[in-house]
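Examination of the molecular architecture
Listed below, chain by chain, are the residues.
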Amino acid sequence: MSKICKITSKKPMFGNRRSHAMNAKKRKFFLNLHNHKFWVPEKKKFIQIKVSTKGMRIIDKKGITKALEKNKRRI
């Protein structure tokens, strides 16, 4: 299962876990992803997409239809 937001296309970042002695060990920074249902009035149905909390804020601001139009190729 991919860990990519369908609205913002954000992906996990990679970095290092550092100890007090500054030893480096690889790690991932994961997104705050949720499977969320949104009501689309034009289609008169719910759609379920994997979206980050930042993506939810974009949907709240612009609306689900504009967010889906802009990112149609990813969904």
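Scroll up to find the structure this text is about.
Overview of the structure. (Residues numbered from 1 in each chain as written. Predicted model: local features only at pLDDT ≥ 70, side-chain atom pairs only at ≥ 80, totals over all residues. Heavy atoms only, no water.)

The grouping of Lys-10, Lys-54, Arg-57, Lys-61, Lys-62, Lys-66 and Lys-70 at the surface amounts to a positive patch. Elements with a contribution of two residues or more to the positive patch: helix 1 (53–62) and helix 2 (64–70). Ranked by residues supplied to the positive patch, first place goes to helix 1 with 4 residues. Here Arg-57 is to be found in helix 1. (Patch = residues over 30% accessible without salt bridge, like charges linked within 9 Å, V, L, I, M, F, W, Y side chains within 5 Å. Areas by Shrake-Rupley, 256 points an atom, 1.4 Å probe, with all protein chains shown as cover. Salt bridge = Lys/Arg side-chain N within 4 Å of Asp/Glu carboxyl O. Lys, Arg positive; Asp, Glu negative; His and termini not counted. Charge placed at Lys NZ, Arg CZ, Asp CG, Glu CD. Helix = DSSP H or I, 4+ residues; strand = E, 2+ residues; numbered from the N terminus.)

Cys-5, Ile-7, Phe-38, Val-40, Ile-47, Ile-49, Val-51, Met-56, Ile-59, Ile-64, Ala-67 and Leu-68 form the largest nonpolar core, which has 12 residues in total. At the level of secondary structure, the elements contributing two or more residues to this core comprise strand 3 (33–40), strand 4 (45–52), helix 1 and helix 2. With residues near it in sequence (within four places) discarded, Phe-38 still touches Lys-45, Phe-46, Ile-47, Ile-49, Val-51, Met-56, Ile-59 and Ile-64. (Core = buried A, V, L, I, M, F, W, Y, C linked by side-chain atoms within 4.5 Å. Buried < 20%, exposed > 50% of the residue type's maximum accessible area, 1.4 Å probe, protein only. Contact = heavy atoms within 4.5 Å.)

Per the stated rule, a full pass over the model turns up 1 aromatic pair. The ring centre of Phe-30 lies 5.2 Å from the NZ or CZ of Lys-3, which sits over that ring. (Phe/Tyr/Trp six-rings, centres within 6.5 Å; stacked < 30°, edge-to-face > 60°. Lys NZ or Arg CZ within 6 Å of the ring centre and 35° of its normal.)

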